[in-house]
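Chains, contacts and geometry: an overview
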Amino acid sequence: MKIRKIIILLLILAVVGAFIGYKMYNKPHVNVASESADITITANKILANFSSDETTANTKYLDKIVQVKGVVAKVEKENGKGIVTLETNDDFGSVICHLTPEQSTNLTIKEGQELTLKGICTGFLMDVILVKSVIVN
Amino acid sequence: MKTIYALLICLFLASFTNAQDRYLTKKGTITFFSESPMENIEAKNNQVLSIVDVSNGQMAISILMKSFLFEKALMQEHFNENYVESDKYPKATFKGSILDFENISTSKTKIKVKGNLTIHGKTKEITIEAMTAKKDDVLKMTGEFFINLVDFDIEIPSVVKDNIAKSIKVSFNFNHEIYKK
């Protein structure tokens, strides 16, 4: 009788363990749209931060949900995904926001309009890059 | 490291003599693929910066490691935290030249590219083949090659070593546009 109880207990543990393991393995990606931004900043400021001290800016912004406000310089579509470039005072650099597939349909954004987006900051090349971006307003 | 890098890019940009010769893309694609008996892993980066000067064949590519997006969040986490340590090494770079750049034409041509690839803080010289075509204001470059994880000191824990290939297939697709001020 006792052995049977132990076996049943072990089986339950194994099932629960497998379930938790499976859940962890399939852990969903961060949903930018439903999360609130970690940092809110203007396109000018974030670019200035990166171009003056990239290492410090990396520790501050990488992997964070950043909400950026700026003026739209360019809207384009690449493989069905929208890319919005926000202009800055800098001649070379800008903030490039790659939109999520859901956000890429019915794009009504126009060049020159002021826009706020939030996305995950992945770093700085010539421009500050945000991925999985969604339009806030 | 950052200053050196900025300086290199500046030098590179400054070394262009004729504006008509520079081609640039900020939205190049690099995909990597690991095939193993346990599972296939794929990650895609759509934000690759690549600059080519067709007058001398020089090329510079810069890649943000955190821009590689995986199907599973857990894989992406492991990739960044344990394998490539992207907080410590946020970028991968390639600096080199197209050996037979004078062959680039409007039709599809096979070319050879040689240079230094830096991933995870380790640099290795590679020579790869690529397909290219230059039409109007667009310079296309595509190709694929394999990299060995051991060359870049990327360690895979023994528990998951059957899940990840030792040799990773890297594919790239760049649509450079002519650089205008």
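These lines cover the structure that appears in this document, whether it is placed above or below. Remember, predicted model here, so these are calculated numbers, not experimental data.

Basis of the calculations
Residues numbered from 1 in each chain as written. Chains lettered and ligands numbered in written order. Predicted model: local features only at pLDDT ≥ 70, side-chain atom pairs only at ≥ 80, totals over all residues. Heavy atoms only, no water. Salt bridge = Lys/Arg side-chain N within 4 Å of Asp/Glu carboxyl O. Helix = DSSP H or I, 4+ residues; strand = E, 2+ residues; numbered from the N terminus. Buried < 20%, exposed > 50% of the residue type's maximum accessible area, 1.4 Å probe, protein only. Lys, Arg positive; Asp, Glu negative; His and termini not counted. Patch = residues over 30% accessible without salt bridge, like charges linked within 9 Å, V, L, I, M, F, W, Y side chains within 5 Å. Areas by Shrake-Rupley, 256 points an atom, 1.4 Å probe, with all protein chains shown as cover. Contact = heavy atoms within 4.5 Å. Buried area = accessible area lost by both parts, 1.4 Å probe. Phe/Tyr/Trp six-rings, centres within 6.5 Å; stacked < 30°, edge-to-face > 60°. Arc of directions from axis to C-beta. Polar contact = N/O pair within 3.5 Å; in protein donor to acceptor, adjacent residues only side chain to side chain. Core = buried A, V, L, I, M, F, W, Y, C linked by side-chain atoms within 4.5 Å.

Observations concerning the pattern of salt bridges
All names here are of chain B. Throughout the structure, instances matching the rule amount to 15 salt bridges over all chains. Of the charged contacts, one joins Lys66 and Asp87 as a salt bridge, the two residues approaching to 3.3 Å between their closest N and O atoms. Here Asp87 lies in the loop between helix H2 (73-83) and strand E5 (91-98) and Lys66 lies in the loop between strand E3 (58-64) and strand E4 (69-70), a separation of 21 residues in the sequence. Taking relative accessible area as the criterion, Asp87 reaches 63% and is therefore assigned exposed. For Glu85, the salt bridge identified is with Lys88, shortest N-O distance 3.6 Å.

Topic: the side chain of Asp100 of chain B
On the secondary structure map, Asp100 of chain B appears in the loop between E5 and strand E6 (109-119). It is Lys112 of chain B that comes nearest to the buried, bridge-free Asp100 of chain B among opposite-charge side chains, at 6.7 Å.

Observations regarding a nonpolar patch on the surface
Together, Ile8, Ile12, Val16, Phe19, Ile20 and Met24 of chain A make up an exposed nonpolar region whose accessible area comes to about 580 Å². Position of Ile12 of chain A among the secondary structure elements: in helix H1 (residues 2-25).

Here's the deal with the environment of Pro101 of chain A
All names here are of chain A. Examined against the element boundaries, Pro101 turns out to sit in helix H4 (residues 101-104). Owing to a relative accessible area of 44%, Pro101 belongs among the partly exposed residues under this scheme. Counting along the chain gives 22 residues from Pro101 to Asn79, while the straight-line C-alpha distance between them is 9.9 Å.

Observations regarding the interface of chain B and chain A
Taken together, the contact pairs 27 residues of chain B with 30 residues of chain A. Carbon and sulfur atoms supply 59% of the area buried between chain B and chain A, which totals about 2500 Å² over both sides. For the interface between chain B and chain A, the tally reads five salt bridges. The shortest N-O distance in the salt bridge between Asp127 of chain A and Lys26 of chain B comes to 3.1 Å.

A word on the packing of aromatic side chains
Residue and element names in this part refer to chain B. Counted under the stated rule, the structure contains nine aromatic pairs over all chains. Judged by centre distance (5.0 Å) and plane angle (50 degrees), the ring pair of Phe70 and Phe79 falls under tilted. Both residues of the pair, Phe70 and Phe79, belong to the buried class.

Re helix H3 (residues 54-61) of chain A
Residue and element names in this part refer to chain A. For H3, every residue scored as buried is listed here: Glu54, Ala57, Asn58 and Tyr61. Projected onto a plane normal to the axis of H3, the buried residues spread over an arc of 105 degrees and lie on a single side. Exposed positions of H3 whose direction lies more than 90 degrees from the buried face are Thr55 and Thr59. Regarding H3, its N-cap is Asp53, as a side-chain oxygen of that residue lies 3.4 Å from the backbone nitrogen of Thr55 further along. The positive-phi residue at the C-terminal boundary of H3 is Asp63, with phi of around 70 degrees.

So, the nonpolar core
Core analysis: the largest hydrophobic core is formed by 42 residues, its most contacted members being Phe68, Val113 and Met141 of chain B. By residue number, the principal contributor to this core is strand E9 (residues 167-178) of chain B, which donates five residues. Filtering out sequence-adjacent residues up to four positions away, Phe68 of chain B remains in contact with Ile30, Phe32, Ala43, Lys44, Asn45, Ile63, Gln76 and Phe79 of chain B. Residues Ile39, Ile41, Tyr61 and Leu115 of chain A belong to the second largest nonpolar core, which totals 24 residues.

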